[in-house]
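Geometric and topological summary
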Amino acid sequence: MYDVIVVGGGHAGCEAALATSRTGNKTLLVTGNIKNIADMPCNPSIGGSAKGIVVREIDALGGEMGRNADKSLIQIKMLNSSKGPAVQSLRAQADKITYPKEMLKTLNEQENLEIKEAIVEDLIVENNVIKGIVLENNERINSKSVILTTGTYLKADILIGDTRRREGPHGEKPSNHLSDKLREYGFNVIRLKTGTPQRIDKSSIDFSKTKEEYGDDRYLTFSFENKIYYDKDKQVPCHLIYTTPETHKIIRDNLNKSSMYGGLSDIKGVGPRYCPSIEDKIVRFADKERHQLFLEPESLYYDDIYVQGFSTSMPKDVQEKMVHSLPGLENAKILKYAYAIEYDAIDSKQLKQSLETKVIENLFTAGQINGTSGYEEAACQGLIAGINANLKLKGEKPLILKRNEAYIGVLIDDLVTKGIIDPYRLLTSRAEYRLLLRHDNADMRLTDYGYQVGLISENRYNNFNKKKENINKLVELLKNNKITPTIETNKYLEDIGTTPLKDGITLFDLLKRTEIDFSNIEHFINIDFTDEEKEQVAINIKYEGYINKALKEANKMVDLDNKLIPDNIDYDKIHNLASEAKQKLKQIKPTSIGQALRISGVNPTDISLLMVYLKKEYLYDNK
Amino acid sequence: MNDTIAAISTSLGVGAISIIRVSGNDSIKIVNKLFKGDNLENVDSHTIHYGFIMDNDIKIDEVLVSIMKSPKTFTAEDVVEINCHGSIASTKKILELLLSNGCRLAEPGEFTKRAFLNGRIDLLEAEAVMDIINSKTEKSLSLAVNQLSGGVSNLIIDLRNDIIKTLANIEVNIDYPEYEDIEQVTINMLKDNVINIRKKITEILDKSKDGQIIKNGIKTVIIGKPNVGKSSLLNKLLDEEKAIVTDIAGTTRDIVEGTITIDGIVLNIIDTAGIRKTDDVVESIGVKKSISLIEDADLILFILNNNEKINNEDLEILEKIKNKNSIVLINKMDLESKINIDKIENNNIIKISALNNEGIDDLKNKIKELFNLEKIDQKDYNYLCNARSISLLKNCLDLLNNIDEGINNNVPIDMIEIDLKEVWNILGEIIGVNYYDELIDQLFSQFCLGK
């Protein structure tokens, strides 16, 4: 009898299994193939805009992805470094051999955690409560809680041109029955689609026709533990190329052969809008003369180059022509053809904010099964599902991050409140308060939670508290030190291109100026603090006005989120509620007025009616 | 929510009849207690009944009572409307009787609020209905109707479309920084954008001022020294237009002394301590009071005496009104001219004789000219004319100023964008949409991205 069974060993499954076993639960991780644990079947990178911040959040909560990415990166850069602090985000090329290897090592060393190779085809459910899983060979394994992180493996179909094969990535065996069983238990099963581009033999590419793209010339880490595993001078470059008019002609001439454009007539899966195939791009943006493609190295240990931007479901012969029309790839050898993959997922509106399903108690789901896309999106859900499975077993309240606390909160709230149509990717534009959800302050936002749920060690927590203390000390130091308009001071200020002083000014106020940074402050006073501490202080001082405005707005939302809707509310009793609103509210069962307001199809009028009703029926204070 | 409310729903003194509206669970029961005629508790919904409102045995008024039962009524509650003869005294008496029999006096707009809360109407409609109820002239009625059908909304929708394109471009720059061939929105591009948006919002606001004029009338003060002929001018204007004079407090804290209608536009003459009564009483008004009146007014009529020299007090007032909508009237042209007219710095000088009815038409034409009344007539009333929308638009202007400041201080574009997004949200609030997903949709339809 296990406490928790995690089904699936991808990024969600690894985080979930680590979170439950680290909090003392006897955990079993079931995967189709141990060799594919923490596999990266698509792009060889971790992070990116918004996603990089999620990795920092995972790290602050005590998850593994940040540390593991640090151990396996071969190139890293800070995106948007020319823009403001709110939108900066890390992106790394991760070695596809090292990343899974390091993760497997961590899993193997973890106490309370067992790994088993098997395909899961059913669940054991009694009175809508989960009791365990059933394997392909009918073996039954019991547990108090189950976390499904099946990725694309539910009825996976690989599509290339006019062929459809029932298999997962790498030709792995999919689960053929589990999604049917889920439907029988009451889940709405939807079909989604995604795709991946070709892999090219590195030695067959003429890189002289490409533009090199390097990482940053400084040391960067995802994890707040700041351990460096790479040599910044030995980072591996990516290469930028563009599609040619010939590429576009080949695609247009062969459009009817693409699985998605007529090659296959039975495609039901909805593909991601943000990640269209190259044929999609050429059809939808017909006037665009060329499209950017990136050649990304997959590993230091083998020669595959990933062609980012070139995903397609054309037949193999057309893919050959397409690839050879690209500059530098005239003689390229395709090692793996691009393919699209169709798979089953569940309707994420059937989940609670804790990622426990509303349909079966103690059953949690995370990752692509919930309709998301991306390693980072999967990992953070796995972590939250793991944390909440543990809290539920211990009879404690779930950890629910708010939209103003973490991108993870934005993601989960979007999933359970709005649902999805196409595979969901995080974007900074999905967050209302991205100025609060920064790369640099993820530890400030979330380390307390990580500590409370038992995933942050005492040692790390002490370091975190010391950092907080130092930040306060530094602010005090700046407030308590004044400079006066002496000739020397004003000369220095003019030299660095800022207005000279008329009256005395504290260093705190001086730092408010856009053109002043800590190197200038250090001209006047010795600052013995870490770069991270200085960064926190500088951002908070410089953007105080904007941050305060965001805080004010966020508080309004939090007020609404704190107005709870009782579980047993009967929406039929609210007169005049629009029928669409009534149906949505019944289906989604929002836990707060704030969440109800975010449901599309629920209008402010409906909310007013709802609040009036709550006030009347539950003596509810809606002030 | 369940108490029964009552209020006079027609403007006092304006119409030949007044309507008192009652809404709530007990509305039929309460009116029935006061009504002599059919037993209203037994009649069908949506029927009209003739009878009398009684104060015990005394007949207060001969009335028609409309019974409308829930839910097919304006508020979706039981509603009774009492049509009575328009006299202020009897209307007020009936309202008092209702209040003493269990009704509560409705707060301003409470009927509409109930209609909104009971799900009968949406927010924009609610506001427009309030405007229909409040409109005093035909023009303002059509303005209110136009708002319902979306005339204003279209202006704002266009503006939002412009903004969302820029927003989506900035968002794409942030979310897909590696895409070098997508145009990078720079501070300078944003600056042009801000100028353009500000111009459009200012236009809508300017038009809204016209809308305000149509709806609320032109707040007009008549000032001048004792015996220059203020009251005779006023009486002349009132006579001419057969204005309705009431003693009821207007929309502001000012007492409206009288209203004059010129081409369908209402001039609200603001009381300057009873100028209409006699010249003798007035005259305690010093320069100080005149100046405070000038501050608030939309139009100032300053009267001078043709028969007297201009003194320092007059000059002080002339200076104050120079940059406002003002007309200097030189009265008593029938008397000998002693005035030093060359000292008057004002483009709008009209010579009149209130006594002989000379120059009155010139004055009216001048007022039309000053307020573009001819033009307002031809416009399609695309104005925002409720206070909420106007104040929201003003918020937008404040935000645009912040953006400007941000641009000048080299604040990163993604922070400046926060304010621009807010402008877009507020505009959405005015027309009643606020879907964040719009932005995401725009992002994917406008740009080509992906792995």
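Source: prediction; values computed, not measured.

Secondary structure summary: chain B contains 16 helices and 13 strands in total. Taking the contacts inside chain B whose residues are at least 6 apart along the sequence as the reference set, 64% of them involve residues at least 24 apart. Roughly 20,300 Å² of accessible area belongs to chain B as shown, and the carbon and sulfur atoms make up 48% of that amount.

A separate point is the overall build of chain A. Secondary structure summary: chain A contains 20 helices and 22 strands in total. For 623 residues, the compact-globule estimate of 2.2 N^0.38 gives 25 Å, and the C-alpha radius of gyration of chain A, at 26 Å, lies within 12% of that figure. If you line up chain A on its principal axes, its C-alpha atoms span 80 × 75 × 50 Å. Excluding contacts between residues fewer than 6 apart, the proportion of contacts in chain A whose partners are at least 24 apart in sequence is 72%. A total of about 24,900 Å² of accessible surface is found on chain A, and carbon and sulfur atoms cover 47% of it.

With that settled, the discussion passes to the pattern of salt bridges. All names here are of chain A. Using the criterion set out here, one finds 63 salt bridges over all chains in the structure. For R460, the salt bridge identified is with E225, shortest N-O distance 3.0 Å. With R460 in helix α12 (residues 458-480) and E225 in the loop between β14 (211-213) and β15 (238-242), the pair connects residues that are 235 residues apart, well separated along the chain. Between D440 and R438 there is a salt bridge; the shortest N-O distance is 2.8 Å. The same class applies to D440 as to R438, namely buried. Connected via shared salt-bridge partners are R403, D413, D414, K418, E432, D561 and R598.

This paragraph deals with a nonpolar patch on the surface. Residue and element names in this part refer to chain A. Taken together, the side chains of I97, L300 and Y301 make up a nonpolar region of the molecular surface, amounting to roughly 330 Å² of accessible area. Within the element layout of this structure, L300 appears in the loop between β16 (292-297) and β17 (304-308). The exposure class assigned to L300 is exposed, which follows from its relative accessible area of 53%.

Time to look at the pairing of strand β19 (residues 339-346) of chain A. Residues and elements named next belong to chain A. With eight of its eight residues buried, β19 lies for the most part within the structure. One ladder, built from three bridges, connects strand β10 (residues 157-160) with β19; its direction is antiparallel. Residue pairing across strands places L159 opposite A340, the latter belonging to β19. In this sheet, β19 lies alongside strand β12 (residues 189-196) in antiparallel orientation, the contact comprising eight bridges. Among the inter-strand pairings, V189 is bridged to a residue of β19, identified as I346.

What follows concerns the sheet that holds β19(A). All names here are of chain A. Taken together, four strands build an open sheet; the order of strands is β11-β10-β19-β12 and the sheet is antiparallel. At either margin of the open sheet sits one strand with a lone partner, and together these are β11 (163-165) and β12. Averaged over all pairs of adjacent strands, the angle between their axes in this sheet comes to 25 degrees, without regard to strand direction. The pairing of β10 with β11 spans three bridges and is antiparallel. Paired with L159 across the two strands is R164, which belongs to β11.

Moving on, we get to the domain arrangement of chain A. A common way to state how big an interface is: give the accessible area lost once the parts meet. Taken domain by domain, chain A consists of domain 1 (2-70 + 98-192 + 347-452), domain 2 (199-341), domain 3 (458-547) and domain 4 (563-618). A separation of 48 Å is found between the C-alpha centroids of domain 3 of chain A and domain 4 of chain A.

All right, on to empty space enclosed by the protein then. All chains considered together, the criterion is met by two cavities of 30 Å³ or more. In this model, the largest cavity occupies a volume close to 130 Å³. Taken together, A:Q75, A:K77, A:L79, A:R91, A:Q93, A:E213, A:C238, A:F294, A:E296, A:Q308 and B:E178 make up the full set of residues lining the largest cavity. Elements that contribute at least two residues to the lining of the largest cavity include exactly β4 (73-79), β5 (89-94) and β16 of chain A. For the lining of the largest cavity, the element with the highest residue contribution is β4(A), accounting for three residues. Approximately 50 Å³ is the volume found for the second largest cavity. When residues in the lining of the second largest cavity are grouped by element, the largest group, four residues, is from helix α10 (residues 407-418) of chain A. Residues that form the lining of the second largest cavity fall into these classes: six nonpolar, two polar and one charged.

Before going further, it helps to spend a moment on the nonpolar core. Counting residues in each nonpolar core, the largest one holds 98 residues, and the members touching the most others are A:I46, A:I133 and A:I408. The residues touching A:I46, leaving out its near neighbours within four places in the chain, are A:M40, A:V55, A:M65, A:A69, A:L90, A:R91, A:A92, A:A94, A:Y99, A:F222, A:Y375 and A:E376.

The next thing to look at is the environment of B:I303. Residue and element names in this part refer to chain B. Mapped onto the elements, I303 comes out in strand β11 (residues 299-305). Relative accessible area serves as the criterion here: at 1%, I303 is assigned to the buried category. Taking the C-alpha atoms as reference, I303 lies 55 Å from H46; in sequence the two are 257 residues apart. Those residues within four positions of I303 in sequence are excluded, and the remaining contacts are I222, I223, G224, K225, V228, G229, K230, L233, L329 and N331.

All names here are of chain B. Pairing is mixed across the open sheet formed by seven strands, whose spatial order is β3-β4-β5-β6-β2-β1-β7. Both edges of this open sheet fall to β3 (35-36) and β7 (104-105), since each of them pairs with a single strand only. Where strand β1 (residues 5-8) lies against strand β2 (residues 17-23), four bridges are found, and the strand directions are antiparallel. Of the residues in β2, the one forming a bridge with A6 is V22.

So, on to the environment of B:L329. Residue and element names in this part refer to chain B. Tracing the backbone shows L329 in strand β12 (residues 326-331). Taking relative accessible area as the criterion, L329 reaches 0% and is therefore assigned buried. In sequence terms L329 and K33 are 296 residues apart; their C-alpha atoms lie 57 Å from each other. Ignoring any residue separated from it by four or fewer positions in sequence, one finds L329 in contact with L233, L301, F302, I303, L304, I350, I352 and L363.

It helps to recall that an α-helix has 3.6 residues per turn; residues three or four apart then point in one direction. Residues and elements named next belong to chain A. The set of residues buried in helix α5 (residues 178-185) consists of L178, S179 and L182. Within α5, the buried residues cover an arc of 95 degrees as seen down the axis, which keeps them to one side. In this structure, the buried residues of α5 make contact with β7 (120-126), β9 (140-148), β12 and β19. Phi turns positive one or two residues past the end of α5, at G186, with a value near 115 degrees.

Let us now look at the side chain of A:N390. Residue placement: A:N390 occurs in helix α9 (residues 375-393). Not counting the four nearest positions on each side in its chain, A:N390 is found in contact with A:T23, A:N25 and A:V453.

This next bit is on the packing of helix α11 (residues 442-452) of chain A against α12(A). Residues and elements named next belong to chain A. In the contact formed by α11 and α12, the axes pass within 11 Å of each other and the chain directions differ by 145 degrees. As α11 runs across α12, the sense of the crossing is left-handed. Taken together, the residues of α12 that come into contact with α11 (itself represented by D443, M444, T447, D448 and Y451) are E458, Y461, F464, K467, K468 and I471. Of the residues contributing to the contact of α11 with α12, the split by class is five nonpolar, one polar and five charged.

Right, let's talk about the packing of α9(A) against α10(A) for a bit. All names here are of chain A. The interhelical angle for the contact between α9 and α10, taken along N-to-C directions, is 85 degrees, at an axis separation of 10 Å. The angle between α9 and α10 falls in the class roughly perpendicular. Between α9 and α10, the residues in contact are E377, C380, Q381 and I384 and I408, L411, I412 and L415, respectively. Broken down by class, the residue content of the contact of α9 with α10 amounts to six nonpolar, one polar and one charged.

Moving on: the packing of aromatic side chains. Evaluated as defined, the whole model comprises five aromatic pairs over all chains. Connected via pairs of aromatic rings, a cluster forms that spans A:Y451, A:Y461 and A:F464. Geometry around B:F52 places B:K59 over its ring, the cationic atom sitting 4.2 Å from the centre.

Let us now look at helix α1 (residues 11-22) of chain A. Residue and element names in this part refer to chain A. Look at α1: 16 Å from first C-alpha to last across twelve residues, which is about the 16 Å you get at 1.5 Å a residue. A large share of α1 lies buried, amounting to eleven of its twelve residues. Listed in full, the buried residues belonging to α1 are H11, A12, G13, C14, E15, A16, A17, L18, A19, T20 and S21. One or two steps after α1, the chain reaches G24, where phi turns positive at roughly 90 degrees.

Residues and elements named next belong to chain A. As for its position among the elements, T489 is in helix α13 (residues 487-495). Given a relative accessible area of 10%, T489 falls into the buried group. What T489 contacts, discounting residues up to four positions off in sequence, is I483, T484, L501 and F524.

Conventions we followed
- Residues numbered from 1 in each chain as written.
- Chains lettered and ligands numbered in written order.
- Predicted model: local features only at pLDDT ≥ 70, side-chain atom pairs only at ≥ 80, totals over all residues.
- Heavy atoms only, no water.
- Helix = DSSP H or I, 4+ residues; strand = E, 2+ residues; numbered from the N terminus.
- Contact = heavy atoms within 4.5 Å.
- Areas by Shrake-Rupley, 256 points an atom, 1.4 Å probe, with all protein chains shown as cover.
- Rg over C-alpha atoms; globule rule 2.2 N^0.38 Å.
- Salt bridge = Lys/Arg side-chain N within 4 Å of Asp/Glu carboxyl O.
- Buried < 20%, exposed > 50% of the residue type's maximum accessible area, 1.4 Å probe, protein only.
- Patch = residues over 30% accessible without salt bridge, like charges linked within 9 Å, V, L, I, M, F, W, Y side chains within 5 Å.
- Pairing = 2+ DSSP bridges.
- Axes fitted to C-alpha atoms, helices over the stretch in contact; angles between N-to-C directions.
- Domains from an automatic or database assignment.
- 1 Å grid on protein atoms, 1.4 Å probe; cavity = no way out; pocket = protein on both sides within 12 Å on 5 of 7 lines; lining within 4 Å.
- Points joined across faces, edges and corners; volume = space filled by probe spheres on them.
- Nonpolar A, V, L, I, M, F, W, Y, C, P; charged D, E, K, R; others polar.
- Core = buried A, V, L, I, M, F, W, Y, C linked by side-chain atoms within 4.5 Å.
- Arc of directions from axis to C-beta.
- Left-handed = near helix turned anticlockwise from the far one by under 90°.
- Parallel < 35°, antiparallel > 145°, perpendicular 65-115°, else oblique.
- Phe/Tyr/Trp six-rings, centres within 6.5 Å; stacked < 30°, edge-to-face > 60°.
- Lys NZ or Arg CZ within 6 Å of the ring centre and 35° of its normal.
- Expected span 1.5 Å × (residues − 1).

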